[in-house]
Structure formats: C-alpha cells, structure tokens
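Geometric and topological summary
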Amino acid sequence: MLVVGDGLTGIETVTEIAETRPGLSVALVARGELGAPLSIGARGHLRQACDRLGITVVEHTEVEAVEAARVLCADGTALASDATVWTAGFAVSRIAAASGLEVTENGRIVVDRTMRSLSHPNVYAVGDSAYAVGDNGRPLPMSCASAGYTGMQATAAIVERLTGRTVPNTKLEYLGNHISLGRRDGILQMVDDEGQAKPKYVGGWKAARIKAAILRMSLWTTSHPTFGLPRRKHRLAAASHASVDKAPRVAA
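Residues numbered from 1 in each chain as written. Predicted model: local features only at pLDDT ≥ 70, side-chain atom pairs only at ≥ 80, totals over all residues. Heavy atoms only, no water.

**Notes on the overall build of the protein**
When helices and strands are tallied, the protein shows five helices and 14 strands. Split into buried and exposed, the 252 residues of the protein put 35% on the buried side. Long-range contacts, defined as pairs at least 24 residues apart, comprise 53% of the intrachain contacts of the protein with a sequence gap of at least 6. Surface exposure of the protein reaches about 15,100 Å², of which carbon and sulfur atoms provide 55%. Taken together, the 28 basic and 24 acidic charged side chains of the protein have centroids lying 12 Å from each other. (Helix = DSSP H or I, 4+ residues; strand = E, 2+ residues; numbered from the N terminus. Buried < 20%, exposed > 50% of the residue type's maximum accessible area, 1.4 Å probe, protein only. Contact = heavy atoms within 4.5 Å. Areas by Shrake-Rupley, 256 points an atom, 1.4 Å probe, with all protein chains shown as cover. Lys, Arg positive; Asp, Glu negative; His and termini not counted. Charge placed at Lys NZ, Arg CZ, Asp CG, Glu CD.)

**Concerning the pattern of salt bridges**
Per the stated rule, a full pass over the model turns up eleven salt bridges. Of the charged contacts, one joins arginine 116 and aspartate 112 as a salt bridge, the two residues approaching to 3.8 Å between their closest N and O atoms. A residue is classified by how much of its surface remains accessible, and arginine 116, at 23% relative accessible area, is partly exposed. By relative accessible area, aspartate 112 is classed as partly exposed at 23%. Among the ionic pairs, arginine 113 bridges to aspartate 135, the shortest N-O distance being 2.9 Å. Of this pair, arginine 113 sits in the loop between β8 (109–110) and β9 (123–125) while aspartate 135 sits in the loop between β10 (130–131) and α4 (144–162), placing them 22 residues apart in sequence. Judged by relative accessible area, which is 46%, aspartate 135 ranks as partly exposed. (Salt bridge = Lys/Arg side-chain N within 4 Å of Asp/Glu carboxyl O.)

**What to know about the nonpolar core**
Judged by nonpolar contacts, the single largest core of 19 residues is most densely connected at Leu46, Ile55, Leu181 and Ile187. Mapped onto this core, the elements with two or more residues apiece are α1 (8–20), β2 (26–29) and α2 (40–52). For isoleucine 187, the residues in contact, after removing those within four places along its chain, are Leu38, Ala42, His45, Leu46, Asn177, His178, Ile179, Leu181, Tyr201, Val202, Gly203 and Ala207. Residues Ile109, Tyr124, Tyr149 and Ile158 belong to the second largest nonpolar core, which totals 17 residues. (Core = buried A, V, L, I, M, F, W, Y, C linked by side-chain atoms within 4.5 Å.)

**Notes on the sheet that holds strand β4 (residues 63–66)**
The strand order across the open sheet formed by three strands is β4-β5-β6, and the pairing between neighbours is antiparallel. Across the chains shown, the open sheet's two edge strands, defined by having one partner strand only, are β4 and β6 (78–80). Here the strands of the sheet are splayed against their neighbours by 25 degrees on average, with no regard to which way each runs. Sheet topology places β4 next to strand β5 (residues 70–73); three bridges connect them, and they run antiparallel. Across the sheet, residue alanine 65 finds its bridge partner in β5, namely leucine 72. (Pairing = 2+ DSSP bridges. Axes fitted to C-alpha atoms, helices over the stretch in contact; angles between N-to-C directions.)

**A few points about unusual backbone geometry**
The backbone phi angle of histidine 60 is positive, close to 50 degrees, even though this residue is not glycine. Judged by relative accessible area, which is 61%, histidine 60 ranks as exposed.

**Structural notes on the side chain of arginine 43**
Relative to the helices and strands, arginine 43 is located in helix α2. Residues within four places of arginine 43 in sequence aside, it is in contact with Glu33, Leu34, Gly35, Ala36 and Leu38.

**Remarks on the side chain of threonine 114**
Looking at where threonine 114 falls in the secondary structure, it is placed in the loop between β8 and β9. Overall, the relative accessible area of 8% leaves threonine 114 in the buried class. There is a polar contact of 3.2 Å between the side chain of threonine 114 and the side chain of arginine 161. What threonine 114 contacts, discounting residues up to four positions off in sequence, is Tyr124, Gln153, Ala154, Ala157, Arg161 and Val167. (Polar contact = N/O pair within 3.5 Å; in protein donor to acceptor, adjacent residues only side chain to side chain.)

**What about the pairing of strand β11 (residues 176–180)?**
With respect to burial, β11 is a largely interior element, five of its five residues being buried. Residue alternation in β11 divides its side chains into two sets, Gly176, His178 and Ser180 and Asn177 and Ile179, and both sets are buried. Hairpin geometry of β11 and strand β12 (residues 186–191) is characterised by an intervening segment of five residues between the two adjacent antiparallel strands and by a positive phi of about 90 degrees at glycine 182.

**Examining a nonpolar patch on the surface**
On the surface, Ile210, Ile214 and Met217 cluster together into a nonpolar patch covering about 240 Å² of accessible area. Inspection of the secondary structure assignment puts methionine 217 in helix α5 (residues 205–223). (Patch = residues over 30% accessible without salt bridge, like charges linked within 9 Å, V, L, I, M, F, W, Y side chains within 5 Å.)

**Let's talk about empty space enclosed by the protein**
One simple way to see leftover space: roll a probe sized like a water molecule over the atoms. Counted according to the given criterion, the structure contains one cavity of 30 Å³ or more. Taken as a whole, the largest cavity spans an internal volume of roughly 60 Å³. Per-element tally for the lining of the largest cavity: the top contributor is α4, with three residues. Residue classes in the lining of the largest cavity are distributed as six nonpolar, four polar and two charged. (1 Å grid on protein atoms, 1.4 Å probe; cavity = no way out; pocket = protein on both sides within 12 Å on 5 of 7 lines; lining within 4 Å. Points joined across faces, edges and corners; volume = space filled by probe spheres on them. Nonpolar A, V, L, I, M, F, W, Y, C, P; charged D, E, K, R; others polar.)

Structure, rendered in structure tokens:
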C-alpha cells in the first residue's frame, strides 16, 4: 500500500501501519525530501525509523492521479498500490467564504489578535480555520501545536467581552511538533522564532512516551470540555448593540 504525503500526518500514518502490519509492503511518496522541515539529526532519525520498519520512501515525486490499483506520478511512472492513503496538504471548509466572511486565498478566516473576524466582529474563528498572526509576527501554521492557543484566546475574549472587562492577550505561539513513529518511537522537534527547526531534537522511546502522555491528556480534556474555562464572577454586561442575532459565534 501507499501513503501519499510526507507531512506529519503522512509520516505518522505510514509508520503506524508498518509497525502494526509488519508483513505488509508499505511505501511513502514524498513530494520533496523526507522530513525536510526537521533538523539534520531528526531527519536522520526519521530515515532510520523508516528503514527499521521496512518502509520504502519515494522522494521528489509528485502524484497526479490515484487509481484503483496504482498511483500515477508526474514523471510518467506508475506505482502499484492495492490501497492508497491520501495525506497531502490541508483543506479548509468552503463555508466561511460562502458565508461572506473575509478569508485568505485558501479559505482561512482572517481574524484579529483576539480571534475575532475582521469582517464580522460577532464571529470568532479558531484552529485551522483561522488565519491568525502569532506573537512572533508570523502566521500560525495549520497545526494542533498552535490551534489550542487560538481556542484559549477566543474563549478569553468572548468571556471578557460578555462581562464587560478588558480582553487579555493570551499566548499565540508555535513551539514545534511531536511526531509519532509507531508506538515505541517518536520525534520531538522544537522550532525558533522564525519557525525553523532547532538543531537539537528528542527522539526514540522518550519522545514516544511524551507523545503518548499528550494524547492521553487530549482524550481526557475532550471528555471534560469545561476544564480550564474561566469561571464567570461578573454579571453579563449589557451592550447597546447586543441582540440575539448578534451573539458571538465560533468557527473551528
């Protein structure tokens, strides 16, 4: 089988499949160099993991079409595949653009520092749907590593505006990514203020255990959705323009 796309989703998918199905022939198709955004050491660790798991890596290859039993590449070659998993790139729902919100070329909602739509102030956007600028002056990437910060900022903004208080600026940053390489291996790659990978990284079982702890925490917070939310200690503040039709809305 083939996994198309060498982003974090593609890497985690192909290593998970290869580890759980050791008798399966698995390949990863990468448009560029495998793990290009990672540091040199982390790239080497990733290649060793692919070799250990028996993953065939096809680099510098662009896929043009996926058929039932093969994948057609831009250079004219065809790669046999009984099953193909597509993980190439992010896509944003078209609903924001269709509703008249100001969006970027790829459909992300343009927001201010508090995650409020620039064109529709009663709409808030968080996560991958939001085009937000981080504390370093750069747009936050579409990643779970930065999405949580946008959610916290939007929550704080909505609560404080509803209670007539000053809206605080919470952190908006992108620190790096955790990559699973199966259940017993992983990579923790931090980035600098320019979004570039730092030379040092954490790999192996330690990175895998940290990633597992993060996932357990995520599952727990999903089942406890109000954990960490600010408790309202002030009455709702009446606004002259407030109405039922203008209540804040959040897009994720």
